[in-house]
Amino acid sequence: MKNYLPVLRTSDAELRALKFLSDEVKSKIIPVFELTRSRKTKTSPDGSVSLRIKQVVEIYGRNRFILDVSTESDLINNEIISFFDQTNGYQNWVSFLSSILEVPIIPCALYEEDGSKANFCDQVRSLVSRFGYICIRGSATESDLLRQLIIWAREVASDEQIIVGGSLYFIPQGMLPNYELLAQRFVEDVVANNRPLMVFGSSSAYPKYVVESPYGNDVEGSFDALEI
């Protein structure tokens, strides 16, 4: 599989930018989309998840992508919150994904805090049977939880059907060695002797404010793309 996996929110701005990518470029990357609600309107005061996934499919649906769910409070609604309900093997999430079976996606297996092994495994079994693969994502520093989820998933899916992603989040300038160590520990502690189909890390060194020290000022500035 391809080895470049940019993590993108399904916001209007990012989806608009994706329209400018050629089909050739799209065929060479696998985005990890963090699903958000659509923009709130008078007719849709809570935003729409169905509209948002329709937009994603229209822009990227002929190419494979990983689909996860945003947890940012200002980007989600009650429907997205319901996806994390573990009842009947995360039935809400599985049912939502089943409405887009024709799209070549790799769904993320969700996990409710303190959720049961049985419901998580039921979810993984359902998603693998429908889509062929699943992705397990989490913080690269939450090694115990991620390792446990991988162990559970391997009881109902083969290693070749599992993709593992660890988030390193923001890397400040000058802190690269610390984050390299975190990435190393993620591979050693979480992946260990397992052999999933793919392992990836996600991070960014793009600052929230580019005009502040040590990045630059109102006239000029620069910073290294440490995630590379």
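This is a predicted model, so every value here is computed, not measured.

Participant: Before we move on, could you go through the packing of aromatic side chains and cite the residues and values that matter?
Facilitator: The full count for this structure, using the stated rule, is 11 aromatic pairs. Taking the centre distance of 5.2 Å and the plane angle of 90 degrees together, the rings of Y206 and F223 count as edge-to-face. Of this pair, Y206 sits in the segment after strand 7 (198–204) while F223 sits in the segment after strand 7, placing them 17 residues apart in sequence.

Participant: Report on a nonpolar patch on the surface, specifying residues and quantitative values.
Facilitator: Taken together, the side chains of Y206, Y209, V210 and V211 define a hydrophobic patch exposed on the protein surface, amounting to about 400 Å² of accessible area. On the basis of relative accessibility, which here comes to 46%, the residue Y209 falls in the partly exposed class.

Participant: Explain the sheet that holds strand 2 (residues 32–35) residue by residue, including any values.
Facilitator: Ordered in space as 1-2-3-4, the 4 strands form an open sheet in which the pairing is parallel. Where the open sheet ends on each side, the last strands, each with one partner, are strand 1 (7–9) and strand 4 (105–107). The mean inter-strand angle of the sheet, taken between neighbouring strand axes irrespective of direction, is 30 degrees. The pairing of strand 1 with strand 2 spans 3 bridges and is parallel. Each residue of the ladder has a partner; that of R9, found in strand 2, is E34. Against the sheet, helix 3 (residues 49–60) touches strand 2 and strand 3 (65–69), its axis set at about 160 degrees to strand 2.

What counts and how
Residues numbered from 1 in each chain as written. Predicted model: local features only at pLDDT ≥ 70, side-chain atom pairs only at ≥ 80, totals over all residues. Heavy atoms only, no water. Phe/Tyr/Trp six-rings, centres within 6.5 Å; stacked < 30°, edge-to-face > 60°. Helix = DSSP H or I, 4+ residues; strand = E, 2+ residues; numbered from the N terminus. Patch = residues over 30% accessible without salt bridge, like charges linked within 9 Å, V, L, I, M, F, W, Y side chains within 5 Å. Areas by Shrake-Rupley, 256 points an atom, 1.4 Å probe, with all protein chains shown as cover. Salt bridge = Lys/Arg side-chain N within 4 Å of Asp/Glu carboxyl O. Buried < 20%, exposed > 50% of the residue type's maximum accessible area, 1.4 Å probe, protein only. Pairing = 2+ DSSP bridges. Axes fitted to C-alpha atoms, helices over the stretch in contact; angles between N-to-C directions. Contact = heavy atoms within 4.5 Å.

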